[in-house]
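Fold and contact review
Here is what each chain is made of, one letter per residue.
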Amino acid sequence: MAESDRSPLKRFVVAKKKISTIFDQLLEYITEGADFVEGTYRNTELEQIATEQQALVIRGYTKKLGVISEVLARNHMKVAFFGRTSNGKSSVVNAMLWDRVLPSGIGHTTNCFLSVEGTDGDKAYLMTEGSDEKKSVKTVNQLAHALHMDEELDAGCLVRVFWPKTKCALLRDDLVLVDSPGTDVTTKLDSWIDKFCLDADVFVLVANSESTLMNTEKHFFHKVNERLSKPNIFILNNRWDASASEPEYMEDVRKQHTDRCINFLVDELKVVEREQALNRIFFVSAKEVLNSRMQRAQGMPEAGGALSEGFEARLQEFQCFERTFEECISQSAVKTKFEQHTIRAKQITETVKGIMDDINIQAADKRINSLKERDDKVDQLDYVRSQLGLLTEDIKGKIKAVTEEVETKVSTAMTDEICRLSGLVDEFYSDFHPSPQVLELYKNALHKHIEEGMGRSLADRCSNAVNASVQNSQQNMIENLKPLLPSSVQCQLHMLIPCRKFDLSYDLNFSSLCTDFQENIEFRFSLGWTSLVNRFLGPKNAHRALLLMESSAQIPRRLATTPSAPNIHALTQENVSQEEIMFSIGTGLASLTSKSSMTVVIVTGVVWRTIGWRLIAASFSLYGLLYLYEKLTWTTRAKERAFKQQFVDYATKKLQMVVRFTSANCSHQVQQEMATTFARLCQQVDLTQKNLSEEISRLTMKIDQLDAVQHHSKTLRHKATGLETELDSFIKQYLQPQQ
């Protein structure tokens with residue numbers, strides 16, 4: 001039993017553990033790689049770095065590796081025993097297991113395929129094909145009875161026997177031994193091969209040394225050789241203990257069997273070279289070995305009991321077979337079970353490395369392009385900001401110059417139009433009558449006529465020039481700010497900021513301006529007292545003087561020097577000196593006119609005596625005729641002319657007062673128009689700056705993502721290289737021929 005601890009079968013166990021670990025790491029790596037590639041492919045910011053095909057390829061590898069890992073977990077070394085009925089196949093298996101695991105005896109004891117594999121439990125059980133029920137088996141006889149009692153089992157069925165590993169060292173090393181019915185009991189050899197032989201690592205042909213190789217045995221292995229490439233075949237000539245009864249023929253018989261077996265392996269099957277064939281042919285007695293080993297297990301001598309002569313030699317040859325078999329099956333199983341998987345794993349890692357290299361290259365190229373693009377965007381943003389500041393100051397200056405020019409132009413034009421106001425008023429024709437209702441309608445129509453006429457004249461003189469100046473300034477703004485905008489916006493700039501004709505609104509609001517105009521179209525004689533005072537003192541001072549005269553006539557003489565009267569308007573501090581003079585003049589005139597009739601008579605007498613009565617009468621007649629003439633000529637037309645003259649004088653003063661306001665209003669309109677255009681342009685520039693900033697942020701994020709992709713792809717590639725190193729180490733250690 002100690003020899004089993006140094007069994008070559010351990011090589012398979014260690015190799016299986018190592019390759020399983022590698023595949024677990026590979027599956028974890030491929031899963032990580034698949035998530036990475038799929039995430040990169042689905043990232044819209046990282047388009048064309050990873051493709052859908054790459055993602056599908058790596059994701060497909062996860063499924064394949066999962067299947068391979070499951071296969072590796074189930075993989076074990078498998079040896080299949082074949083031969084004619086009663087050649088001792090079950091005895092050989094029991095001898096190798098050091099116990100009576102399978103039923104054996106005289107006659108046809110194995111009626112179906114039996115596989116023996118280890119279980120970690122302490123109880124033996126069996127499972128029949130198509131059933132998950134574990135049937136307890138305590139003894140070999142019970143096993144044989146169970147097999148014979150199941151009528152559903154035929155020669156092509158498999159019964160799996162699970163034997164405690166603690167009872168059999170050989171089963172501890174993932175070895176499965178398959179016993180078969182005799183090759184002479186059925187003709188369904190092809191189905192046997194398909195079902196039980198394709199995954200076998202070693203075949204053992206158990207022959208009867210008391211006879212020779214039969215055609216049924218050869219026929220079976222010819223079919224195996226057709227389905228498998230150079231299967232590993234051992235030939236055990238069992239029951240060699242019978243040669244002890246005829247020692248004189250022993251060597252001849254051995255040589256005869258050996259030659260036939262060599263011819264079968266080398267010439268017919270061609271599965272082994274001639275010099276290696278002797279290592280595949282053995283002469284044993286399985287029953288003797290089983291009995292001796294069971295005695296040894298019971299503490300009895302191995303050679304005890306009735307053993308034929310030459311037992312030791314046969315025991316040693318059986319042990320030699322076991323060592324050779326273990327070495328062969330270990331190497332064969334490692335190669336057949338793991339080689340293709342290892343090759344596939346290397347292909348997968350090589351493909352994944354290529355994908356990671358492609359992703360890394362694409363990410364590096366994209367990163368370089370993104371860095372260049374971001375630098376261009378940063379330079380463009382800096383240029384836009386600096387130019388916008390300079391252009392803003394320049395355009396503000398131009399707007400100020402244009403508005404000042406407009407203000408001056410409108411002020412000059414309006415002053416000229418005020419000078420021509422009389423002609424504009426004379427051009428007005430409408431029904432005139434001194435009645436208040438008609439006068440009100442006349443005023444409204446006159447207001448409208450003057451406002452339309454002055455507005456039209458101002459527009460003719462200013463609007464075209466102002467419009468040209470505004471449009472020129474707006475076009476200049478557009479041309480200056482246009483280079484700061486992207487080409488797509490430049491093409492649509494005429495739609496975003498349409499060029500339209502700018503019309504000044506002069507809005508004199510003449511009705512409100514002259515709303516307090518009070519006409520005076522009562523008849524006034526040109527040589528009357530009031531007219532003379534107006535001519536002598538002026539309208540304003542004459543009005544005040546007349547008021548003073550009226551007040552002087554109504555109060556006592558002693559109060560004539562009183563500085564003020566209740567009905568005289570308060571005088572301001574600014575015109576005190578002028579008012580004092582006018583007051584004194586008015587006081588004198590009042591004193592003169594307040595003489596009594598006596599004074600008039602005296603004066604008349606003096607004049608009479610001086611110039612004569614005829615001249616006085618003629619003067620009064622002329623005075624009366626003049627009065628009569630003026631009275632008769634004071635018609636509605638004369639009243640209208642007087643009205644218009646009074647209105648012109650009044651409106652002229654009022655319009656002169658609003659010249660500055662109107663020109664400032666027009667300049668403000670121009671300023672608003674140009675400022676609006678500039679604001680729209682600045683809005684587009686601000687939007688461009690915002691887009692540039694967002695694009696820079698997006699590119700920065702993209703560059704960070706590309707850095708992460710590069711780093712991750714490099715990491716995954718290094719992991720693939722590490723896995724390749726482990727696979728190469730496994731190949732060198734377990735799959736390459738040992739020197």
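Quick caveat, the model's predicted, so the values are computed rather than measured.

1. Digging into the overall build of the protein chain
Looking only at helices and strands, the protein chain features 22 helices and nine strands. Expressed as a percentage of the 739 residues in the protein chain, the buried residues total 42%. The long-range fraction of contacts in the protein chain, counting pairs at least 24 apart against all pairs at least 6 apart in sequence, stands at 83%. As displayed, the protein chain offers around 40500 Å² of accessible surface, 52% of which is attributable to carbon and sulfur atoms.

2. Points about the pairing of strand E7 (residues 202-208)
Burial analysis of E7 places seven of its seven residues in the buried class, the great majority of the element. Pairing of E7 with strand E8 (residues 232-238), which is carried by seven bridges, proceeds in the parallel orientation. When the sheet's bridge partners are listed, valine 204 is paired in E8 with phenylalanine 234.

3. Things to note about the pattern of salt bridges
A full pass over the atoms with the stated rule returns 30 salt bridges. When the shortest N-O distance is used, the salt bridge between arginine 314 and glutamate 288 registers 2.8 Å. Pair noted here: arginine 314 is in helix H11 (residues 311-419) and glutamate 288 is in helix H10 (residues 286-297), with a separation of 26 residues, a long-range link. Relative accessible area serves as the criterion here: at 4%, arginine 314 is assigned to the buried category. A residue is classified by how much of its surface remains accessible, and glutamate 288, at 6% relative accessible area, is buried. For glutamate 640, the salt bridge identified is with arginine 637, shortest N-O distance 3.0 Å. You can see glutamate 640 and its partner arginine 637 sitting in helix H22 (residues 636-735), three residues apart, about one turn around the helix. One connected set of salt bridges, linked through shared partners, spans Asp35, Glu38, Arg42 and Arg59.

4. Considerations on the environment of glutamine 736
Position of glutamine 736 relative to the elements: it lies in the segment after H22. According to the relative accessible area criterion, glutamine 736 is partly exposed, its value standing at 43%.

5. So, H10
Compared with an ideal rise of 1.5 Å per residue, which puts twelve residues at 16 Å, H10 spans 16 Å between its outermost C-alpha atoms and is within 8% of the ideal. All buried positions along H10 are accounted for by Ala286, Glu288, Val289, Leu290, Ser292, Arg293, Met294 and Gln295. Phi turns positive one or two residues past the end of H10, at glycine 299, with a value near 85°.

6. With respect to the packing of helix H13 (residues 436-481) against H22
Direction vectors running N to C along H13 and H22 enclose 25°, while the axes themselves pass 10 Å from each other. In terms of orientation, H13 and H22 fall into the roughly parallel class. As H13 runs across H22, the sense of the crossing is right-handed. When the residues that make up the contact of H13 with H22 are grouped by side-chain class, the tally is 17 nonpolar, four polar and four charged.

7. Considerations on the pairing of strand E3 (residues 125-128)
Along any regular strand, the residues point their side chains to alternate faces of the sheet. Of the two faces of E3, the one holding Tyr125 and Met127 and the one holding Leu126 and Thr128 are both buried throughout. Bridging between E3 and strand E4 (residues 135-136) involves two bridges; their strand directions are antiparallel. Bridged to leucine 126 within E4 is lysine 135. Between E3 and E4, which pair antiparallel one after the other, the connecting turn spans six residues, and glycine 130 there sits at a positive phi close to 85°.

8. Remarks on the sheet that holds E3
Read across the sheet, nine strands follow the order E4-E3-E5-E2-E6-E1-E7-E8-E9 without closing on themselves; strand pairing throughout is mixed. Pairing within the sheet leaves two strands with one partner each, and these edge strands are E4 and strand E9 (281-283). Where E8 meets E9, three bridges bridge the pair, whose relative direction is parallel. Counted as the bridge partner of isoleucine 235 is isoleucine 281 from E9. Seen against the sheet, H11 touches strand E1 (77-82), strand E6 (175-179), E7, E8 and E9 and runs at an angle of roughly 165° to E8.

9. Remarks on the packing of helix H4 (residues 89-97) against H10
Taken N-terminus to C-terminus, the directions of H4 and H10 make an angle of 30°; their axes are 8 Å apart at the nearest point. In terms of orientation, H4 and H10 fall into the roughly parallel class. Considering only the axes of H4 and H10, their crossing is left-handed. Within the contact between the two elements, H4 uses Ser91, Val92, Asn94, Ala95 and Met96 and H10 uses Ala286, Val289, Leu290 and Arg293. Across the contact of H4 with H10, the residue classes tally to six nonpolar, two polar and one charged.

10. With respect to the confidence of the model for the protein chain
Put simply, the protein chain has an average pLDDT of 80, and 81% of its residues get 70 or more. When mean pLDDT is taken per element in the protein chain, E9 scores highest with 92 and helix H1 (residues 2-5) scores lowest with 43. When the criterion is pLDDT under 50, residues 555-577 qualifies, and its contacts beyond four places in sequence or with other chains add up to nine contacts. Ignoring residues within four places in sequence, the model shows residues 588-597, a span with pLDDT below 50, making five contacts including any to other chains.

11. Structural notes on the packing of aromatic side chains
This model, assessed by the stated rule, comprises 20 aromatic pairs. Between the aromatic rings of phenylalanine 428 and tyrosine 442, the centroid separation amounts to 5.1 Å while the plane-to-plane angle is 75°, which identifies the pairing as edge-to-face. Of this pair, phenylalanine 428 sits in the loop between helix H12 (421-426) and H13 while tyrosine 442 sits in helix H13, and the two are 14 residues apart along the sequence. The buried category is assigned to phenylalanine 428, whose relative accessible area is 6%.

12. Notes on a negative patch on the surface
A grouping of Glu373, Asp375, Asp376, Asp379 and Asp382 is seen on the molecular surface, where their side chains present a negatively charged patch. By secondary structure assignment, the location of glutamate 373 is in helix H11. By relative accessible area, which is 32% here, glutamate 373 ends up partly exposed.

13. Some words on the side chain of arginine 293
Inspection of the secondary structure assignment puts arginine 293 in helix H10. At a separation of 2.8 Å, a polar atom in the side chain of arginine 293 contacts the main-chain carbonyl oxygen of alanine 95. Aside from chain neighbours lying at most four places away, what touches arginine 293 is Ala95, Met96, Trp98, Phe318, Gln319 and Glu322.

14. Some points on unusual backbone geometry
The phi dihedral of serine 86 falls on the positive side, at around 65°, and the residue is not glycine. Among the secondary structure elements, serine 86 is positioned in the loop between E1 and H4. Relative accessible area serves as the criterion here: at 26%, serine 86 is assigned to the partly exposed category. Although it is not a glycine, lysine 270 adopts a positive phi angle of roughly 55°.

Reading guide: rules and limits
- Residues numbered from 1 in each chain as written.
- Predicted model: local features only at pLDDT ≥ 70, side-chain atom pairs only at ≥ 80, totals over all residues.
- Heavy atoms only, no water.
- Helix = DSSP H or I, 4+ residues; strand = E, 2+ residues; numbered from the N terminus.
- Buried < 20%, exposed > 50% of the residue type's maximum accessible area, 1.4 Å probe, protein only.
- Contact = heavy atoms within 4.5 Å.
- Areas by Shrake-Rupley, 256 points an atom, 1.4 Å probe, with all protein chains shown as cover.
- Pairing = 2+ DSSP bridges.
- Salt bridge = Lys/Arg side-chain N within 4 Å of Asp/Glu carboxyl O.
- Expected span 1.5 Å × (residues − 1).
- Axes fitted to C-alpha atoms, helices over the stretch in contact; angles between N-to-C directions.
- Parallel < 35°, antiparallel > 145°, perpendicular 65-115°, else oblique.
- Left-handed = near helix turned anticlockwise from the far one by under 90°.
- Nonpolar A, V, L, I, M, F, W, Y, C, P; charged D, E, K, R; others polar.
- pLDDT = per-residue confidence, 0-100.
- Phe/Tyr/Trp six-rings, centres within 6.5 Å; stacked < 30°, edge-to-face > 60°.
- Patch = residues over 30% accessible without salt bridge, like charges linked within 9 Å, V, L, I, M, F, W, Y side chains within 5 Å.
- Lys, Arg positive; Asp, Glu negative; His and termini not counted.
- Charge placed at Lys NZ, Arg CZ, Asp CG, Glu CD.
- Polar contact = N/O pair within 3.5 Å; in protein donor to acceptor, adjacent residues only side chain to side chain.

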